[in-house]
Amino acid sequence: MARLNGPQYTMDTFSIAGKTFASRLIIGSGKYPSHAVMVKAHEASGADMVTVAVRRVNISDRSKESLLDYIDTSKMFILPNTAGCYTADDAVRTARLGREAGLSNWVKLEVIGDERTLFPDNEALIEATRVLVLEGFVVLPYTSDDPVVCRKLEDAGAAAVMPLGAPIGSGLGIQNPNNIRIIREFSRVPVIVDAGVGTASDAAFAMELGADGVLMNTAIAGAQDPAAMAEAMKYAVRAGRLAHLAGRIPRKLYATASSPLEGLVGR
Amino acid sequence: MTITLNGDPFDISGPLTVSELLATLEIDARRVAVEHNLVVIKRATFDEAVVREGDQVEIVNFVGGG
């Protein structure tokens, strides 16, 4: 039995498309109360990949500081997203612009199908994945927690699959743990649970289920103390990962005593 | 001339290159990506791409997101 301090645990990095990351926590850059708070939270998270959105420059008011002034790109890998896109065409367009703005060919691909739930349009997502993979992109699609869709995305060339745990920003936690486990069993690419995490135990749970990583934004940015929550998430992802590797005990209906039954006083 | 800039009509004297357009708008070219008539313009060719009357230009940058 491997020891928990063995090299396979301390050197537990993970790779997507040949690029290795030290942390299995991927964070966002949206919804922070200020840039200063975001900087502290990013630092506390230990993450080395951060998602950003691609938006039109405000032509009439260009006074706003650039987001990139507040992200240490020597430590953080920038992952542009296509959030807010409702068609494959718009997502592909946005991905191309993100590649040019960021000078990397990675994209967190989102094609939204419904405004209220922000659930993905999986059909358009698969189509956009196919187009972008052909153009040389490393595509990380945000998808439903549907094993069949994840398999199709993988077949289309996705470098990882990112099933949702619950609706974006809902903080509901992992709603369908069974599907996440099945997706992990089906997939040959990394599985990153993206969206739905509310607190540290949700992130740990996702990792215990076998996820290779967890991506979150609101759970940290929206917490009362984002830096403290970022630190909590760092440990939660690590704890969940270790628990997954360690192999949990089977669930049983009745008790099994932990102390010896022999030598009891008075028997 | 009038172009469509980030979805809105915009008056500017031209034709002019993408580099000149960004300079006129006081936008740091290193921080943005530009799409010209639905084609993304490589940063290295900002000096060559010419924007003309009626053209459609999108200028984007990174903002916070998840």
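Residues numbered from 1 in each chain as written. Chains lettered and ligands numbered in written order. Predicted model: local features only at pLDDT ≥ 70, side-chain atom pairs only at ≥ 80, totals over all residues.

*Asks:* Describe the overall build of chain B, naming the residues involved and giving the relevant values.
*Replies:* Looking only at helices and strands, chain B features one helix and seven strands. In chain B, the succession of α and β elements from N to C terminus is β-β-β-α-β-β-β-β. Expected size for 66 residues packed as a compact globule is a radius of gyration near 11 Å; at 11 Å, chain B falls within 12% of this value. A principal-axis box enclosing the C-alpha atoms of chain B has dimensions of 40 × 25 × 20 Å. Considering only contacts in chain B between residues 6 or more positions apart, those separated by 24 or more positions represent 58%. (Helix = DSSP H or I, 4+ residues; strand = E, 2+ residues; numbered from the N terminus. Rg over C-alpha atoms; globule rule 2.2 N^0.38 Å. Contact = placed C-beta atoms within 7 Å.)

*Asks:* Give me the overall build of chain A: which residues, what numbers.
*Replies:* A tally of helices and strands in chain A yields nine helices and 10 strands. Here the C-alpha radius of gyration of chain A, 20 Å, is about what a compact globule of 267 residues would show, namely 18 Å. In terms of overall dimensions, chain A has a C-alpha envelope of 85 × 40 × 40 Å along the principal axes. Counting over 267 residues, chain A shows a buried share of 45%. (Buried ≥ 20, exposed ≤ 12 C-beta atoms within 10 Å, placed from the backbone.)

*Asks:* Could you give an account of the interface of chain B and chain A, with specific residues and numbers?
*Replies:* Taken together, the contacts link 21 residues of chain B with 27 residues of chain A. With seven residues, the top contributor of residues to the side of chain B that touches chain A is strand β7 (residues 56-64) of chain B. Taken together, the five bridges between strand β4 (residues 49-56) of chain A and β7(B) define a ladder with antiparallel strand orientation. Bridge pairing links A:Arg55 to B:Asn61 in β7(B). (Pairing = 2+ DSSP bridges.)

*Asks:* Any chance you could break down helix α5 (residues 147-155) of chain A for me, citing the residues and the numbers?
*Replies:* Residue and element names in this part refer to chain A. When α5 is considered as a whole, its buried residues turn out to be Pro 147, Val 149, Cys 150 and Leu 153. Mapping the buried residues of α5 onto a view down its axis gives an arc of 160 degrees, with all of them on the same face. For α5, the exposed residues lying more than 90 degrees away from the buried face are Val 148 and Asp 155. Positive backbone phi, approximately 110 degrees, marks Gly 157, located one or two places after α5. (Arc of directions from axis to C-beta.)

*Asks:* Would you mind going over the pairing of strand β2 (residues 8-11) of chain B in detail, with residue names and values included?
*Replies:* Residues and elements named next belong to chain B. In the sheet, strand β1 (residues 2-5) pairs with β2 via four bridges, with the strands oriented antiparallel. Following the sheet pairing, Ile 3 is matched in β2 by Phe 10. Connecting β1 to the next strand, β2, in antiparallel fashion are two residues, including Asn 6 with a positive phi near 50 degrees.

*Asks:* Could you give me a rundown of the environment of A:Glu185, with the residues and numbers involved?
*Replies:* Inspection of the secondary structure puts A:Glu185 in helix α6 (residues 177-186). Note: C-alpha distance between A:Glu185 and A:Pro147 (38 residues apart in sequence) is 9.2 Å.

*Asks:* Can you explain the pairing of β4(A)? Please cite residues and give values.
*Replies:* For a regular strand, the rule is simple: side chains alternate between the two faces of the sheet. All names here are of chain A. Taking burial as the measure, the eight residues of β4 include six buried ones, the bulk of the element. Looking at chain direction, β4 and strand β5 (residues 77-81) are connected through five bridges and run parallel. Pairing of Ala 53 across the sheet is with Asn 81, part of β5.

*Asks:* Talk me through the nonpolar core; I want residue IDs and the actual numbers.
*Replies:* Of all hydrophobic cores here, the largest spans 90 residues; its most connected members are A:Leu109, A:Ala203, A:Ala206, A:Val214 and A:Met233. With near-sequence residues (within four places) excluded, A:Ala206 lies in contact with A:Gly165, A:Ile174, A:Ile180, A:Val193, A:Ala211, A:Val214 and A:Gly240. (Core = buried A, V, L, I, M, F, W, Y, C linked by C-beta atoms within 7 Å.)

*Asks:* Outline helix α7 (residues 200-208) of chain A, listing residues and values.
*Replies:* Residues and elements named next belong to chain A. Among the nine residues of α7, seven are classified as buried, and the element is accordingly described as predominantly covered. Regarding α7, the residues found buried are Asp 202, Ala 203, Ala 204, Phe 205, Ala 206, Met 207 and Glu 208. In this structure, the buried side of α7 is in contact with α6, β9 (192-194), β10 (213-216) and α9 (226-246). Phi turns positive one or two residues past the end of α7, at Gly 210, with a value near 110 degrees.

*Asks:* Now, about unusual backbone geometry: what can you tell me, with residues and values included?
*Replies:* All names here are of chain B. Of note, the bond from Gly 14 into Pro 15 is cis; its omega dihedral lies within 30 degrees of zero at 5 degrees. Within the fold, Pro 15 resides in the loop between β2 and β3 (16-17). Despite not being glycine, Glu 26 shows a phi value in the positive range, around 60 degrees. One can find Glu 26 in the loop between α1 (18-24) and β4 (33-36). The backbone phi angle of Leu 38 is positive, close to 75 degrees, even though this residue is not glycine. Along the chain, Leu 38 falls in the loop between β4 and β5 (39-41).

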